[in-house]
Amino acid sequence: MSLNRRKFLGAAGTGGVLLQTRRSAAQPPGAPRNIHPGVWKFRFGTPETITPVATRHYPPATAGLANLPGVETCPLSVSGSGSRRGYLVRIPLGPNEIVYGLGLQLQSMIQRGLKKRLRVNADPKMDSGDSHAPVPFYVTTAGYGVLVDTARYATFYCGHKDRRGAGQSVSEQGPAEISQDALPAAYRRYRFNQATEVLVEIPEAAGVDVYVFGGPRMRDAVQRYNLFSGGGPLPPRWGLGLWYRVKNDYGQEDVLKLASEFRDRRIPCDVIGLEASWESHAYSSTFVWSKKYPDPAGLVKDLASQSFRLNLWEHAFTHPDSPIHQAMIPHSGDYEVWGGLVPDFLDPQARRIFAGYHEKEHIALGVSGYKLDECDNSDFTGNWSWPEIASFPSGADGEQMHCLYGQRYQDTLQSVFERRQERTYGLVRSSGALAAPYPYVLYSDLYDHKEFIRGVANMGFSGILWTPELRNAAGTEDLVRRLQSVALSPMALINAWYIKNPPWKQVERDANNAGRLAPDWESIEAICRTVMELRMRLVPYLHAAFVRYQRQGLPPFRALVMDYPDDPATWAVDDQYLVGESILAAPVVAGQAARAVYLPAGDWFDFWSGQRYTGKQRIEVKPPLEQIPLFVRGGTVLPLAEAALHTGEAASWRISVQVYGDRPAPAVLYEDDGAWNPSLTEVTLAWEPPGSVRRSGNGPGPRYEVAGWKFVG
Ligand code: GAL
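What counts and how
Residues numbered from 1 in each chain as written. Predicted model: local features only at pLDDT ≥ 70, side-chain atom pairs only at ≥ 80, totals over all residues. Heavy atoms only, no water. Helix = DSSP H or I, 4+ residues; strand = E, 2+ residues; numbered from the N terminus. Rg over C-alpha atoms; globule rule 2.2 N^0.38 Å. Buried < 20%, exposed > 50% of the residue type's maximum accessible area, 1.4 Å probe, protein only. Contact = heavy atoms within 4.5 Å. Areas by Shrake-Rupley, 256 points an atom, 1.4 Å probe, with all protein chains shown as cover. Lys, Arg positive; Asp, Glu negative; His and termini not counted. Charge placed at Lys NZ, Arg CZ, Asp CG, Glu CD. pLDDT = per-residue confidence, 0-100. Expected span 1.5 Å × (residues − 1). Bend = angle between axes of the 7 residues up to and from the residue. Axes fitted to C-alpha atoms, helices over the stretch in contact; angles between N-to-C directions. Parallel < 35°, antiparallel > 145°, perpendicular 65-115°, else oblique. Nonpolar A, V, L, I, M, F, W, Y, C, P; charged D, E, K, R; others polar. Phe/Tyr/Trp six-rings, centres within 6.5 Å; stacked < 30°, edge-to-face > 60°. Near = heavy atom within 4 Å. Salt bridge = Lys/Arg side-chain N within 4 Å of Asp/Glu carboxyl O. Pairing = 2+ DSSP bridges. Core = buried A, V, L, I, M, F, W, Y, C linked by side-chain atoms within 4.5 Å. Polar contact = N/O pair within 3.5 Å; in protein donor to acceptor, adjacent residues only side chain to side chain.

### Brief notes about the overall build of the protein chain
Scanning the protein chain for helices and strands turns up twelve helices and 33 strands. In terms of C-alpha radius of gyration, the protein chain reaches 25 Å, essentially the compact-globule figure of 27 Å for 713 residues. When its C-alpha atoms are laid out on the principal axes, the protein chain stretches across 70 × 65 × 50 Å. The proportion of buried residues among the 713 residues of the protein chain is 65%. Here the analysis covers contacts within the protein chain between residues at least 6 apart in sequence; of these, 73% occur between residues at least 24 apart. If you sum the accessible surface of the protein chain, you get close to 24500 Å²; carbon and sulfur atoms cover 49% of it. Charged side chains in the protein chain number 75 positive and 75 negative. The centres of these two groups are separated by 3 Å.

In structure tokens form, the structure reads like this:
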């Protein structure tokens, strides 16, 4: 079956000077327009012309939208009014209705009760709404989602503001009662059993479009939003292997030496990323290879001969020495960053110049993708970015540009990969609304392991991908525990940008850089290798989960509440998450000798011991260092590959199937030839028993080979 819908819309509605009139009169609620199955649009006042929807590049995935369960009527009535401060939208919120989303919120999962100002920020240290990727979209346990189409730092008051005279009703029997025990202490002061409203204040705007996504379940609403965004990305298989970024002063020889060492020492790795030293000037960027990389084409070739891909770090700020600097001057904002121009990626000319140079000098040589750094904002940490009052040739001001920059930057480079019909997977430090189709994973300079795990649980509400990358560590335990979280995430990334040797040789930064290796580093390396091998064994399963993300909008990593919204015990669980259809991960952080794991309804099997547990209970686990707690849902056929060194190896296609529980549902894998629009062959693994393999579709194959079946229990 073809996935032929990876087409950009092209620049839509982004040129010209903006004439924005302010309307202060109250707008009637207005009837929503049904624009796709289960999707309604409210228009209030005169919306701005630069918004996520107006500047989108991917069209909605209409075929996927048509396949979701039908929803007859819009589940909400929304109202809006203008004010001196901009525009205000009010959305009702019922008793015991829990709110999730708003983008990459690292400090909180439940948003009900909180005020969030969705400001793009590179150091989101407080739970204020600052984020690398704030997304003006939320979903609730009542089974709908709301997108406020704005490129402003909108403020969401998610309940808990009592308007005088509004007479909020309190329900003794909400849709599901919340047990206070299920909530973290910080939430206990909020009266969740009261009807209230979500207030959204949008600065500057004289109107706004609001999109409502029906369910009937929360998971359906998320799928609908992701499909409206264009559907999830399908990373190339190599993107799902291990990633390693080298220290920022590495040269060509250092990279090749490390690559050979990885193969010799059997360290799985598919992608090597270069940091700043590949550029002749990095802050700001020239995009020109430095003297440390005298033969880039040779490097790509040498790496490819050992089955490594090469990824390049950069940011967009264009240094005066860059060959594109002169051409970019008329297509850049009126402020500089680190002495470089800020290309206006809403301007098609800027995109063309930038993309053309990247294609010719990097992508045509075989560079597989990019890490797009510092496209977020930096208000109170270094203050290196452009101010909100900046202006751009497209008519955008600095605030709008901050909200859209990450995605329009991705669009610019995606246009090259699309033209060449090559799939990519990369990193980006900022994103926003309608992000689902982008094959780019968010990361951060923050480093709290618990917050990083929460990021994996939270990302699925907002159509974004996130990696809890590993850098240095406080000790062996911290190293291994972090690596385990990395292995169970959208991108298994070791970001050694400030350490010379792999972290398993020495976790401590200064000692590592001085070459003082840990005496027992080989045994630490052995533990890390096993963790990386677990990732490699999961590649086919993860790839299939991404196919579902693309076709059905179902996030490959999601919080428990998304699948079990009727069970209040799942509502606040932000330290566990679901991986694909059938695996529950409960990562451990250093210092946690034991941890509680909540198992939702049904049977669950401990991945390591095979022990069966009855769900709807909290259990305690004491995982040895080598094991991340993983549980497999009863009724699962779980395909596991052999632990390959990279995804091109035959072992990566050789499957052992593990069967859990009675009457397991068949598993579906997809044979993927790596093309831009791959024709995928569906491979259905069913336990009848014995096991059977069926293929359908006219894609490539056969590639997967089933080496054996095991009935676990
Ligand atoms: C940071 C980035 C790091 C690393 C570093 C290099 O902005 O988050 O991952 O790339 O720059 O200077």
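### Section: the confidence of the model for the protein chain
When pLDDT is averaged across the protein chain, the result is 94; 95% of the residues are at 70 or more. Between residues 10-27, whose pLDDT stays under 50, and residues either more than four places distant or in other chains, the model counts 46 contacts.

### Re helix 11 (residues 521-552)
Taking 1.5 Å of rise per residue, 32 residues should cover 46 Å, and helix 11 covers 44 Å from first to last C-alpha, within 8% of that figure. Where helix 11 bends most, at V539, the angle is about 50°, and the proline P540 comes one to four residues later. Taking burial as the measure, the 32 residues of helix 11 include 25 buried ones, the bulk of the element. One or two residues past the end of helix 11 sits G553, with phi positive at roughly 75°.

### Observations regarding the packing of helix 3 (residues 252-264) against helix 4 (residues 296-305)
Packing of helix 3 against helix 4 brings their axes to within 11 Å, and their N-to-C directions diverge by 0°. The orientation of helix 3 relative to helix 4 falls into the category roughly parallel. Residues Q252, V255, L256 and A259 of helix 3 touch helix 4, and the partners they reach there are P296, L299, D302 and L303. For the contact of helix 3 with helix 4, a count of residues per class yields six nonpolar, one polar and one charged.

### Here we look at the packing of aromatic side chains
The tally for this structure, following the rule as stated, stands at 40 aromatic pairs. Between W243 and Y425, the ring centres sit 6.2 Å apart and the planes meet at 70°, which makes this aromatic pair edge-to-face. Taken together, the positions of W243 in strand 13 (residues 242-245) and Y425 in the loop between helix 7 (398-420) and strand 17 (426-428) put the pair 182 residues apart, joining distant regions of the chain. Exposure class is identical for W243 and Y425. Each is buried.

### Considerations on the site of the ligand
Around the ligand, the surrounding shell consists of E275, Y283, W313, K371, D373, E374, R429, Y443, D445, N495 and W497. Contact with the protein chains covers 94% of the free accessible surface of the ligand, which is 310 Å².

### Some points on the pattern of salt bridges
A full pass over the atoms with the stated rule returns 41 salt bridges. A salt bridge links K41 to D209, with the nearest nitrogen and oxygen atoms 3.7 Å apart. Of this pair, K41 sits in strand 3 (residues 39-46) while D209 sits in strand 12 (residues 206-214), placing them 168 residues apart in sequence. In this pair, the class of K41 matches that of D209, namely buried. One salt bridge connects E275 with K371, and the closest N-O pair in it is separated by 2.9 Å.

### Considerations on the environment of V712
Mapping V712 onto the fold places it in the segment after strand 33 (705-711). Separated by 281 residues in the primary sequence, V712 and S431 place their C-alpha atoms 41 Å from one another. Aside from chain neighbours lying at most four places away, what touches V712 is G610, Q658, V659 and Y660.

### Things to note about the pairing of strand 29 (residues 654-660)
The buried fraction of strand 29 amounts to five of the seven residues, a majority that puts the element mostly inside the structure. Sheet analysis places strand 28 (residues 636-641) next to strand 29, joined by six bridges and oriented antiparallel. Across the sheet, the residue bridging to V637 is V659, located in strand 29. With six bridges connecting them, strand 29 and strand 33 associate as parallel partners. Each bridged residue has a counterpart across the sheet, and for R654 the counterpart in strand 33 is E705.

### Thoughts on the pairing of strand 3
The buried fraction of strand 3 amounts to six of the eight residues, a majority that puts the element mostly inside the structure. Counting the residues that bridge the hairpin from strand 2 (residues 33-36) to strand 3 gives two residues, and of these G38 lies at a positive phi of roughly 75°.

### Here we look at the environment of A596
Looking at the element boundaries, A596 is found in strand 23 (residues 595-599). As for A596 and Q617, which are separated by 21 residues in sequence, their C-alpha atoms are 10.0 Å apart. Excluding residues that lie within four positions of it along the chain, A596 makes contacts with Q576, R618, I619 and E620.

### So, the nonpolar core
With 193 residues, the main nonpolar core has Y100, L147, L274, L488 and W504 as its most contacted residues. Membership of the second largest hydrophobic core comes to 27 residues, among which are C74, V89, Y138 and V212.

### Quick word on the sheet that holds strand 24 (residues 603-606)
Backbone-to-backbone hydrogen bonds pair the strands of a sheet. The strands run either parallel or antiparallel. If you trace the six strands from one edge of the open sheet to the other, you get 20-21-22-27-24-25, paired in antiparallel fashion. Here the strands that pair on one side only, and so sit at the sheet edges, are strand 20 (557-558) and strand 25 (612-614).

### Observations regarding the side chain of E48
Counting through the fold element by element, E48 comes out in the loop between strand 3 and helix 1 (62-67). The class for E48 is buried, based on a relative accessible area of 9%. One polar contact links E48 to R152, side chain to side chain, over a distance of 2.8 Å. A distance of 3.5 Å separates a polar atom in the side chain of E48 from a polar atom in the side chain of Q400.

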